[in-house]
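The residues making up each chain are set out below.
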Amino acid sequence: ADVSPETMRRMRAAGLTTILSKPITSAALLQVIGHGDHRGGRSPNVALSGDRPVDAGFFRAQRSLIGEARTRQLVTLFASVSETILTGMRAASLAADRAELRRLAHQLASSAGAVGLGRLFALASTLERDAPDIGPQAIAAAVDMLGQARDEALDALAGLVREVPALAPSPQTSRSTGTPIL
């Protein structure tokens, strides 16, 4: 996650030639694996668009790589995990626990990045960076903004997930009669 110049120098000194920064897409990982002889330092970074709640291009690319069923699972998992993280962030904000707030902001940014939620990723990353230096009111406002951005992202994700109809379950039939079972 840390791609600062100092860390990059240490990684290169340790013999690492290709470095992926978060969020890592399956496509970027496959590109690096497929080009084992690639020696150019950093591979192409994934830049999520922060203009909208969901970077639809990123989301669709991920969906095409992992499939519709896993995409639905990922969105469901994100909805649950992000709510837990935001609850923890609210508690950390009230307790003035900036270390926990930073940890949770990092976790939220990582989760948002995996799904393509550019705006939420950017806001959470900013809070992670700035939490030690901003006042309690600014922290509370940032956590509220993260909650709103999460809600907007979940609404947008719902529309993108509906783009491809879910597979209808195959009907079960009674062995004895051959009739469908509900």
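Scroll up to find the structure.
Nothing here was measured: the structure is a model prediction, and the numbers come from that model.

### Topic: the overall build of the protein
Helix and strand content of the protein: seven helices and four strands. Long-range contacts, defined as pairs at least 24 residues apart, comprise 64% of the intrachain contacts of the protein with a sequence gap of at least 6. Accessible surface computed for the protein: about 10900 Å², of which carbon and sulfur atoms make up 57%.

### Considering the pattern of salt bridges
As enumerated under the stated definition, the model contains eight salt bridges in all. The partner of R150 in a salt bridge is D151, and the shortest N-O contact between them spans 3.2 Å. Relative accessible area serves as the criterion here: at 8%, R150 is assigned to the buried category. By relative accessible area, which is 42% here, D151 ends up partly exposed. One network of salt bridges, with partners in common, ties together E83, R90, R150 and D151.

### Some details on helix α5 (residues 98-115)
The terminal C-alpha atoms of α5, which comprises 18 residues, lie 26 Å apart, in line with the 26 Å expected from a rise of 1.5 Å per residue. Of all the positions in α5, only L101, L104, A105, L108, A109, A112, G113 and V115 are classed as buried. In this structure, the buried side of α5 is in contact with α3 (56-66), α4 (68-94), α6 (118-130) and α7 (136-161).

### Focus: the packing of α3 against α4
The N-to-C vectors of α3 and α4 enclose an angle of 125°; their axes lie 7 Å apart at closest approach. What the angle tells us is that α3 and α4 run oblique. The segment α3 lies against α4, with F59, R63 and I66 engaging E68, R70, T71, L74 and V75. Its residues assigned to classes, the contact of α3 with α4 shows four nonpolar, one polar and three charged.

### Some words on the side chain of T71
On the secondary structure map, T71 appears in helix α4. For T71, a relative accessible area of 3% puts it in the buried group. A distance of 2.6 Å separates the side chain of T71 from the backbone oxygen of G67, its partner in a polar contact. Ignoring anything within four residues of it in the chain, the contact list for T71 reads F59, R63 and I66.

### As for the packing of α5 against α6
Axis separation between α5 and α6 bottoms out at 8 Å; the angle between their running directions is 160°. By the angle class used here, α5 and α6 are roughly antiparallel. The element α5 and its partner α6 pack so that their crossing is left-handed. Taking contact as the criterion, the partners of L101, R102, A105, H106, L108, A109, A112 and G113 in α5 are, on α6, L120, F121, A124, S125, L127 and E128. Per-class residue counts for the contact of α5 with α6 are nine nonpolar, three polar and two charged.

The rules behind each value
Residues numbered from 1 in each chain as written. Predicted model: local features only at pLDDT ≥ 70, side-chain atom pairs only at ≥ 80, totals over all residues. Heavy atoms only, no water. Helix = DSSP H or I, 4+ residues; strand = E, 2+ residues; numbered from the N terminus. Contact = heavy atoms within 4.5 Å. Areas by Shrake-Rupley, 256 points an atom, 1.4 Å probe, with all protein chains shown as cover. Salt bridge = Lys/Arg side-chain N within 4 Å of Asp/Glu carboxyl O. Buried < 20%, exposed > 50% of the residue type's maximum accessible area, 1.4 Å probe, protein only. Expected span 1.5 Å × (residues − 1). Axes fitted to C-alpha atoms, helices over the stretch in contact; angles between N-to-C directions. Parallel < 35°, antiparallel > 145°, perpendicular 65-115°, else oblique. Nonpolar A, V, L, I, M, F, W, Y, C, P; charged D, E, K, R; others polar. Polar contact = N/O pair within 3.5 Å; in protein donor to acceptor, adjacent residues only side chain to side chain. Left-handed = near helix turned anticlockwise from the far one by under 90°.

In short, geometric facts, not functional conclusions.
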